Amino acid sequence: MMRQSSLVVVANRLPLDDNVAPDGACEWRRNPGGLASALHSILRQAPATWVGWAGGAGPPRPLPDIGTLRLRSVALTEDELRGYYEGFANSTLWPLYHDAVEPPLFDRGWWETYLVVNRRFAEAAAEVAEQGAAVWVQDYHLQLVPEMLRQMRPDLLIGFFMHVPFPPPELFMQLPRRAELLRGMLGADLVGFQRPQAAHNIAQLATKLLGAQANDRTITLGGRTTRTGAFPVSIDVAEMQALAARPDVVAHARELRGLLGQPRRILLSVDRLDYTKGIEHRLTAYRELLRDGLVKVRDTVLVQVAVPSRERVESYRTLRDRIEGEVGRINGEYGRVGEPAIHYLIQPFDRAELAALYQTADVMVVTPLRDGMNLVAKEFVAAREDGSGALVLSEFAGAADELNDAFLVNPHDVEGLKDTLLRAMEAEPADLATRMERMRAHLRSHDIMAWARDYLSTLDHTGRLAERLARR
Ligand code: ADP
Ligand code: G6P
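Identification of the chain as Trehalose-6-phosphate synthase from Mangrovihabitans endophyticus is taken from an unreviewed UniProt entry. Per UniProt, the comment on the chain under Sequence similarities (unreviewed entry) is "Belongs to the glycosyltransferase 20 family."

What follows is the structure, encoded as structure tokens:
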């Protein structure tokens, strides 16, 4: 039996690749994705256990500790991977929670698998949590875990945090097993969201579906009260600032500009290749700017970094084909020999490379159709020590609540998107510097540690948990 911890994090994914080196060494390999980025920063030196899936199908493997963090892997079979991860989590919940920008699919078999796998995660957490421990369950994959865990271990303090948007009742009500999903989350002592609207949505749903007594801060059901609230997730600002200041990163940023042909303006986008990220709308806007001569190749270049994601899910495969077709068409029509209109890079980058890219960009284009937070926007701001650079940011990203000095845009409105891109490209340096300084000041006081402290001290009034993380 594994040693027990007083803080247990339960997330679908472990933060490491499934390829542990042949000598058994285990390196943090951050999975591209907001959850891993955020939790990596706060947990890499915390005395905690992380329960999660190590990728792939097959029996569980014992994994080495990472510093003081223990890893407990949960195994999935091939069928479970399809029904739970690719099916219910990423073909039903993910599209539904993101405004149904892609139609959600409902399959009764997937639900059964989701139940089985959630129970396995709950059992693993129950096994590694010491008496009275705090267990912090993450995201839409594991919505049933809080209630299951409470049944198994009533002694635990249970938190749940939803990294993605929590939808308005009219969307959530489409879910065939809506009441069970809601009850599952409400097994937690505290349910946290990215935006205040989500707390409002769950209160309405709990009243309507479960007959609970609810407002935007508490939900009382069957004599037990769950607290709710918004805790906007953030980034390790100090880490990004330190990376951006490293002489090799600064030199690399300069070198990248040269490699891109010293254009007057560089536009940059960095996304997981996901239909929620608005990549196609962005490409349409860029194509029209080129067509109308408002943007010229050689003068301006767009760098689109798009790391492949969930590649066995049909909607992700077809999205990738469409994007690659469109990038090819734009480059074919508007590029010149040695001068593509768009540099398209479909690969993971390490943090230093990302920091160099952020520094090279004149305009960072972050235009998701819907996004829980969007950490890329925050990383860009943190990387801009000199106050230059413009951020074009979708109103539909959680980050827009905080970074309202960005050039905010509705990405569905292609004309508006084109105008906003042009405004950002032509903005006065003094205007940009003012905007950037305000955004940087906000981030300095709202970094990832502040997020964890805020959440954990709300979960645990004694402050014991938050203090433990702060000692890292
Ligand atoms: P999501 O969680 O939907 O993927 P976020 O913007 O919140 O979106 O988080 C994405 C995270 O993944 C960021 O920390 C970003 O730096 C990282 N990331 C995105 N693209 C890449 C890439 N090509 N290589 C490495 N990391 C990436
Ligand atoms: C989003 C989700 C995370 C997820 C990440 C990457 O950030 O909120 O839970 O881990 O995307 O997706 P993946 O399916 O590769 O884990």
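Having seen it, we continue.
Honestly, the overall build of the chain in this entry has me stumped. Any pointers?
A count of helical and extended segments in the chain gives 17 helices and 15 strands. Taken against the 2.2 N^0.38 rule, which gives 23 Å for 472 residues, the C-alpha radius of gyration of the chain at 22 Å falls within 12% of a compact globule. On the principal axes, the C-alpha backbone points of the chain span a range of 65 × 45 × 45 Å. By residue count, 49% of the 472 residues in the chain fall in the buried class. Sequence separation of 24 or more characterises 72% of the internal contacts of the chain that already satisfy a separation of 6 or more.

When you look at the site of ligand 2 in this model, what are you seeing that I'm missing?
The immediate surroundings of ligand 2 are formed by Arg13, Asn31, Gly33, Gly34, Leu35, Ala36, Asp139, His163, Val164, Ser309 and Arg310. The dominant element in the shell around ligand 2, judged by the number of residues it contributes, is helix H1 (residues 34–43), at three residues. Residues belonging to the shell around ligand 2 are distributed by class as follows: three nonpolar, five polar and three charged.

How should the sheet that holds strand S15 (residues 407–409) be read in this particular structure?
Strands in a sheet are paired, the pairing made by backbone hydrogen bonds, and the direction either parallel or antiparallel. Read across the open sheet, the six strands follow the order S12-S11-S10-S13-S14-S15; overall the sheet is parallel. Only two strands of the sheet have a single neighbouring strand rather than two, namely strand S12 (342–345) and S15. In this sheet, neighbouring strand axes are inclined to one another by 20° on average, regardless of whether the strands run parallel or antiparallel. As paired elements, strand S10 (residues 265–272) and strand S11 (residues 300–307) share eight bridges and run parallel to each other. Bridged to Ile266 within S11 is Val301.

Sorry if this is basic, but what is going on with the environment of Val249 here?
Positionally, Val249 belongs in helix H9 (residues 247–259). Under the C-beta neighbour-count criterion, Val249 is labelled buried, with 22 such atoms within 10 Å. Measuring from C-alpha to C-alpha, the distance between Val249 and Arg317 comes to 33 Å, with 68 residues separating the pair along the chain. Every residue in contact with Val249, bar those within four places of it in the chain, is listed here: Leu243, Ala244, Ala352, Ala355 and Ala356.

I'm lost on the site of ligand 1 in this one. Help?
Among the 16 residues in the neighbourhood of ligand 1, the closest are listed as Pro32, Gly34, Ser37, Val307 and Leu375. Every element with two or more residues in the shell around ligand 1 is listed here: H1, S10, S11 and helix H13 (375–383). Sort the elements by how many residues they give to the shell around ligand 1 and H13 lands first, with three residues. A per-class count over the shell around ligand 1 returns ten nonpolar, four polar and two charged.

What is the right way to look at the packing of helix H10 (residues 279–291) against helix H11 (residues 314–334) in this model?
Each pair of packed helices can be described by the angle between their axes along with the distance between the axes. Direction vectors running N to C along H10 and H11 enclose 10°, while the axes themselves pass 10 Å from each other. When the axes of H10 and H11 are compared, the pair comes out roughly parallel. Across from Ile279, Glu280, Leu283, Arg287 and Leu290 in H10, the residues of H11 making contact are Arg322, Ile323, Glu326, Val327, Ile330 and Tyr334. When its residues are assigned to classes, the contact of H10 with H11 shows seven nonpolar, no polar and four charged.

In this structure, what is going on with the pairing of strand S5 (residues 157–161)? I would like to understand it.
When a strand is regular, its side chains alternate between the sheet's two faces. Burial runs high along S5: five of the five residues are buried. Here strand S4 (residues 129–138) pairs with S5 via five bridges, running parallel. Within S5, the residue paired with Ala134 across the bridge is Leu157. Following the chain from S4 across helix H4 (residues 145–152) to the adjacent parallel S5, one finds a crossover that is right-handed. As judged from the three bridges shared by S5 and strand S6 (residues 190–193), these two strands associate in the parallel manner.

So what exactly am I meant to see when it comes to the packing of helix H6 (residues 178–185) against helix H7 (residues 196–210) here?
Between H6 and H7, whose axes approach to 10 Å, the crossing angle comes to 125°. The orientation of H6 with respect to H7, classified from their angle, is oblique. For H6 against H7, the interelement crossing comes out left-handed. From H6, Arg178, Ala179, Leu182 and Arg183 reach across to H7, where they touch Leu205, Ala206, Leu209 and Leu210. Across the contact of H6 with H7, the residue classes tally to six nonpolar, no polar and two charged.

Got a minute to help me understand unusual backbone geometry in this structure?
Most peptide bonds adopt trans geometry, and most residues besides glycine take a negative phi value. Backbone geometry at Asp99 places phi at a positive 60°, although glycine is not the residue there. Residue position: Asp99 is located in the loop between helix H2 (78–97) and helix H3 (108–128). Residues other than glycine seldom take positive phi values, yet Arg298 does so here, at roughly 90°.

Hey, could you run me through the confidence of the model for the chain in this one?
Low pLDDT marks regions whose predicted coordinates should not be analysed in detail. Averaged over all residues, the pLDDT of the chain is 94; the fraction at 70 or higher stands at 95%. Here the predicted complex scores 0.96 on pTM and 0.99 on ipTM.

How should I be thinking about the nonpolar core in this particular structure?
Soluble globular proteins tend to pack their nonpolar side chains together in the buried interior. Residues Val8, Val10, Ala125, Val135, Leu391, Val392 and Leu393 are the most contacted members of the largest nonpolar core, which totals 154 residues. Broken down by element, this core gets its largest block of residues, nine residues, from H3. When near neighbours in sequence (up to four residues on either side) are disregarded, Leu391 contacts Met364, Val366, Ala377, Phe380, Val381, Leu403, Ala406 and Phe407.

I'm lost on the environment of Arg227 in this one. Help?
Relative to the elements of secondary structure, Arg227 occurs in strand S9 (residues 224–230). For the pair Arg227 and Leu16, spaced 211 residues apart in sequence, the C-alpha to C-alpha distance is 32 Å. When residues no more than four places from it in sequence are discounted, the contact partners of Arg227 are Asp189, Leu190, Arg217, Thr218 and Thr458.

How should H6 be read in this particular structure?
In an α-helix there are 3.6 residues to a turn, and that puts residues three or four apart on one side. Turning to H6, its buried residues number three or more, namely Leu181, Leu182, Arg183, Gly184 and Met185. Along its buried surface, H6 packs onto H4, S5, S6 and H7.

Looking at this structure, I do not really get helix H15 (residues 429–445). What am I missing?
With 17 residues, H15 ought to run about 24 Å at 1.5 Å a step, and its terminal C-alpha atoms sit 25 Å apart, in line with that. All buried positions along H15 are accounted for by Leu432, Arg435, Met436, Met439 and Leu443. Buried residues of H15, viewed axially, fall in a sector of 95°; they line one side. Along H15, the residues that are exposed and aim more than 90 degrees away from the buried face are Ala430, Ala441 and Ser445. Taken together, the buried residues of H15 touch helix H8 (237–245), H13 and strand S14 (390–394).

Basis of the calculations
- Residues numbered from 1 in each chain as written.
- Chains lettered and ligands numbered in written order.
- Predicted model: local features only at pLDDT ≥ 70, side-chain atom pairs only at ≥ 80, totals over all residues.
- UniProt positions renumbered as here; feature names shortened; annotations may be inferred.
- Helix = DSSP H or I, 4+ residues; strand = E, 2+ residues; numbered from the N terminus.
- Rg over C-alpha atoms; globule rule 2.2 N^0.38 Å.
- Buried ≥ 20, exposed ≤ 12 C-beta atoms within 10 Å, placed from the backbone.
- Contact = placed C-beta atoms within 7 Å.
- Near = placed C-beta within 6 Å.
- Nonpolar A, V, L, I, M, F, W, Y, C, P; charged D, E, K, R; others polar.
- Pairing = 2+ DSSP bridges.
- Axes fitted to C-alpha atoms, helices over the stretch in contact; angles between N-to-C directions.
- Parallel < 35°, antiparallel > 145°, perpendicular 65-115°, else oblique.
- Right-handed = clockwise from strand over helix to strand, strands pointing away.
- Left-handed = near helix turned anticlockwise from the far one by under 90°.
- pLDDT = per-residue confidence, 0-100.
- Core = buried A, V, L, I, M, F, W, Y, C linked by C-beta atoms within 7 Å.
- Expected span 1.5 Å × (residues − 1).
- Arc of directions from axis to C-beta.

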